[in-house]
Amino acid sequence: MPDFPAATPRARVRVPLRFQDGYGVDAELVTFHGLVDGQEHLALVLGDPAPGAAPLVRLHSECLTGDVFGSARCDCGPQLREAVERIADRGGVLLYLRQEGRGIGLYNKLDAYALQDQGLDTYEANAALGLPEDGRDYTAAAQMLGALGIDGLDLLSNNPDKARQLRDLGVDVGQRVPTGVFTTAHNVRYLRAKVLQTQHTLPLTELTELTELTELTELTELTGLTAG
């Protein structure tokens, strides 16, 4: 079994969540003592699983630009909104992890955005800054799940690395349940890169077609030509 210290619940508080589209649900927010990375991660306990059913769990990495400001350069905000409702309907937990920019931090993420504007993809931009393509470690997530008494779950994620890391940390991951696909004209390259570089469960053909259409539109606007 993996060797890491146990965490314990620190405080629990009920909070009514209300989203801009009108959806609302009550959640129990849980904080923790003893997390190995010293970060203020948060668990949102939502709904009640059916007797004998595995809870639905999402590991959601903090994204200030997407979660709070509604940035269309990623799909984080829509994924967060979707996850809260799906977990509340089935019963489970959303772990809100303070891992901005796949672990590189907010300022570095914005620096990477600037490089993406010059043509690099999201992973290439991190590497160009001398940073890991994905620096996230989910030991604290495993600690949080243990503190909540969860040793088996279904994982709401398109990212196979999350399931692999949790299993390596001793968590019994049953099904990996994909999220929806939330494309915009500004994030299709980002989503396509996630499929090509880290095997996310997303429709590659559709994303490739949308990427080509976006690039054609941008070229047309830049040159003033009409696509024929």
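Heads up: the structure comes first, above all this text.
The rules we used
Residues numbered from 1 in each chain as written. Predicted model: local features only at pLDDT ≥ 70, side-chain atom pairs only at ≥ 80, totals over all residues. Heavy atoms only, no water. Helix = DSSP H or I, 4+ residues; strand = E, 2+ residues; numbered from the N terminus. Buried < 20%, exposed > 50% of the residue type's maximum accessible area, 1.4 Å probe, protein only. Contact = heavy atoms within 4.5 Å. Areas by Shrake-Rupley, 256 points an atom, 1.4 Å probe, with all protein chains shown as cover. Pairing = 2+ DSSP bridges. Axes fitted to C-alpha atoms, helices over the stretch in contact; angles between N-to-C directions. 1 Å grid on protein atoms, 1.4 Å probe; cavity = no way out; pocket = protein on both sides within 12 Å on 5 of 7 lines; lining within 4 Å. Points joined across faces, edges and corners; volume = space filled by probe spheres on them. Nonpolar A, V, L, I, M, F, W, Y, C, P; charged D, E, K, R; others polar. Salt bridge = Lys/Arg side-chain N within 4 Å of Asp/Glu carboxyl O. Phe/Tyr/Trp six-rings, centres within 6.5 Å; stacked < 30°, edge-to-face > 60°. Lys NZ or Arg CZ within 6 Å of the ring centre and 35° of its normal. Core = buried A, V, L, I, M, F, W, Y, C linked by side-chain atoms within 4.5 Å.

(A) Quick peek at the overall build of the protein chain. Helices and strands together make up the secondary structure of the protein chain, namely nine helices and seven strands. In the protein chain, buried positions account for 46% of the 228 residues. Here the contacts in the protein chain between residues at least 6 apart in sequence split such that 61% fall between residues at least 24 apart. Accessible surface for the protein chain amounts to roughly 11,700 Å². Of this, 52% is attributable to carbon and sulfur atoms.

(B) Quick peek at the sheet that holds strand β1 (residues 8-18). Sheet architecture is open: seven strands sit in the order β1-β2-β3-β5-β4-β6-β7, paired in mixed fashion. Single-partner strands in this sheet number two, and they are β1 and β7 (172-177). Taking each pair of neighbouring strands and ignoring which way they run, the sheet shows an average axis angle of 30°. For strand β4 (residues 56-61) and strand β6 (residues 152-156), the ladder comprises two bridges, and the chain directions are parallel.

(C) Main features of the environment of Val171. With respect to the element layout, Val171 can be found in the loop between α7 (160-168) and β7. Excluding anything up to four places from it in sequence, Val171 contacts Ala142, Leu145, Asp151, Leu153 and Leu166.

(D) Looking closely at empty space enclosed by the protein. Going through the model one piece at a time under the given rule, you end up with one cavity of 30 Å³ or more. Considering the residues around the largest cavity, the lining is formed by 32 residues, among which Cys76, Arg102, Arg136, Tyr190 and Lys194 are closest to the centre. For the lining of the largest cavity, the elements supplying multiple residues, two or more each, are β4, α2 (76-90), α3 (100-103), α4 (106-116), α5 (122-128) and α8 (188-198). Tallied by class, residues from the lining of the largest cavity come to nine nonpolar, 13 polar and ten charged.

(E) Main features of the pattern of salt bridges. According to the stated counting rule, one finds twelve salt bridges in the structure shown. Across the salt bridge formed by Asp154 and Arg90, the nearest N and O atoms sit 2.4 Å from each other. In this pair, Asp154 sits in strand β6 while Arg90 sits in helix α2, placing the two residues 64 residues apart along the sequence. Within the structure, one salt-bridge network assembled from shared partners comprises Asp21, Arg81 and Glu85.

(F) The packing of aromatic side chains, seen in detail. Across all of its chains, the model carries one aromatic pair by this definition. We note Arg102 situated over the ring of Tyr123; from NZ or CZ to the ring centre the distance is 4.4 Å.

(G) Representation of the nonpolar core. Membership of the largest hydrophobic core comes to 26 residues, with the highest contact counts inside it found for Phe32, Ala43, Leu59, Leu95, Leu145, Leu153 and Leu166. Here this core takes six residues from helix α6 (residues 139-147), the largest share from any one element. Not counting residues up to four positions away in its chain, the partners in contact with Leu145 are Val57, Leu95, Ile150, Leu153, Leu166 and Val171. Counting residues in each nonpolar core, the second largest holds 17 residues, with Val25, Val84, Ile87 and Val177 among its members.

(H) Up close: the pairing of β1. In this sheet, strand β2 (residues 24-33) lies alongside β1 in antiparallel orientation, the contact comprising ten bridges. Among the inter-strand pairings, Arg12 is bridged to a residue of β2, identified as Val30. The loop that links β1 with its antiparallel partner β2 comprises five residues; one of these, Gly22, has a positive phi angle of about 100°.

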